[in-house]
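Chain and residue survey
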Amino acid sequence: MRPAPTPHIRPRRASDLPACVEALAQVHVADGYPTNWPEKPSDWLTGDGDGDGDGDGDGDSPIGAWVAELGGRVAGHVVLCPSAPDDVAPALWSSREGVPVDEIAVVGRLFVAPGARGHGLGALLLARAVARAAELGLHPVLDVVAYDTSATALYERTGWRFLGTGEQRWSRRQTVTVRCYAGPEGESAAADASPI
């Protein structure tokens, strides 16, 4: 029996984008994420413009972006972005804790290819984004569409705290209900790297 491949988290490079888009397409077919397939998936991943109508990026350049490799192949992805004025999760955290929105970062574009699940990549990617936010003195938050129970389970298992629900406007014609979470303190997101 061959040993299981060791996961590796590293900064995303421009050359990773085709593999990221391929993995994202697999996730979209399997899980319906992102809810609306972006017109330009590479731009959606990098934050180079929004134009996709799904509300999961407002065109701000990420603070950081990472990929998960498994067996030498890109198998997952996450970004950490500045919060935008109309983001529900940062607004909830800001009002609850009394901190300015510019001290909050948003975790997004998190996915793991279906064939690479069961190795804890989702938890490892989350932990990397949380660690970077902590290095910068920012508190991470995120939101997830209310019906995505598998993502919700990952966040709660890794120490993310439920803030509440809200209505997020993705376009003039689309508003969705999202569950909002605040990240764990420090690097405790890695405490339970249960497989996703």
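It should be noted that the structure appears before, not after, this text.
The structure presented is a predicted model; accordingly, all values stated were derived computationally and were not measured.

So, about the pairing of strand E2 (residues 64-70). When a strand is regular, its side chains alternate between the sheet's two faces. Among the seven residues of E2, seven are classified as buried, and the element is accordingly described as predominantly covered. Burial of the side chains of E2 extends over both faces: Gly64, Trp66, Ala68 and Leu70 are buried on one face and Ala65, Val67 and Glu69 on the other. As judged from the four bridges shared by strand E1 (residues 8-11) and E2, these two strands associate in the antiparallel manner. Among the inter-strand pairings, Ile9 is bridged to a residue of E2, identified as Ala68. Bridge count between E2 and strand E3 (residues 73-82): seven bridges; the pairing is antiparallel. Across the sheet, Gly64 pairs through a bridge with Leu80, a residue of E3.

Moving on: the layout of surface pockets. A volume near 190 Å³ is recorded for the second largest pocket. In terms of lining, the second largest pocket is formed by Ala19, Glu22, Ala23, Gln26, Leu70, Arg73, Val74, Ala75, Ala113, Gly115 and Ala116. If you list the elements that add at least two residues to the lining of the second largest pocket, you get helix H1 (17-31) and E3. It is H1 that provides the largest number of residues to the lining of the second largest pocket, a total of four residues. Its residues assigned to classes, the lining of the second largest pocket comprises seven nonpolar, two polar and two charged.

Attention shifts here to unusual backbone geometry. Along the chain, Tyr33 connects to Pro34 via a cis peptide bond; the corresponding omega equals -5 degrees. On the secondary structure map, Pro34 appears in the loop between H1 and helix H2 (41-46). For Arg109, which is not a glycine, the phi torsion comes out positive at approximately 50 degrees. Tracing the chain through its elements places Arg109 in strand E4 (residues 104-112). Relative accessible area serves as the criterion here: at 4%, Arg109 is assigned to the buried category.

Moving on, we come to the pairing of strand E6 (residues 161-171). Of the pairings in the sheet, the one linking E6 to strand E7 (residues 174-182) comprises nine bridges and is antiparallel in character. Across the sheet, the residue bridging to Gln168 is Val176, located in E7. Hairpin connection between E6 and E7: a loop of two residues separates the two successive antiparallel strands.

Another point: the nonpolar core. In this structure, Val107, Leu126, Tyr155 and Trp160 are the most contacted members of the largest nonpolar core, which totals 26 residues. When residues of this core are assigned to their parent elements, the largest contribution, seven residues, is made by helix H4 (residues 121-135). Non-local contacts of Tyr155, meaning those with residues more than four positions away in its chain, are made with Leu110, Leu126, Leu142, Val144, Trp160 and Tyr181.

A few words now on H1. Between its first and last C-alpha atoms H1 spans 20 Å; for 15 residues at 1.5 Å apiece the expected length is 21 Å, and the two agree. Those residues of H1 that fall on the buried side of the exposure criterion are Leu17, Cys20, Val21, Ala23, Leu24 and Val27. Along the axis of H1, the buried residues cluster in a sector spanning 165 degrees; they form a single face. Across H1 from its buried face, at more than 90 degrees, point the exposed residues Pro18 and Val29. Gly32 occupies a position one or two residues after H1 and carries a positive phi of about 75 degrees.

Structurally, the α-helix is built with 3.6 residues per turn, so residues lying three or four positions apart point the same way. Those residues of helix H5 (residues 149-157) not exposed but buried are Ala151, Thr152, Leu154 and Tyr155. The buried residues of H5 occupy one face: seen down the axis, they fall within an arc of 160 degrees. Turned more than 90 degrees away from the buried face of H5, the exposed residues are Thr149 and Ser150. Here the buried face of H5 lies against E4, H4, strand E5 (139-145) and E7.

What counts and what doesn't
- Residues numbered from 1 in each chain as written.
- Predicted model: local features only at pLDDT ≥ 70, side-chain atom pairs only at ≥ 80, totals over all residues.
- Heavy atoms only, no water.
- Buried < 20%, exposed > 50% of the residue type's maximum accessible area, 1.4 Å probe, protein only.
- Helix = DSSP H or I, 4+ residues; strand = E, 2+ residues; numbered from the N terminus.
- Pairing = 2+ DSSP bridges.
- 1 Å grid on protein atoms, 1.4 Å probe; cavity = no way out; pocket = protein on both sides within 12 Å on 5 of 7 lines; lining within 4 Å.
- Points joined across faces, edges and corners; volume = space filled by probe spheres on them.
- Nonpolar A, V, L, I, M, F, W, Y, C, P; charged D, E, K, R; others polar.
- Core = buried A, V, L, I, M, F, W, Y, C linked by side-chain atoms within 4.5 Å.
- Contact = heavy atoms within 4.5 Å.
- Expected span 1.5 Å × (residues − 1).
- Arc of directions from axis to C-beta.

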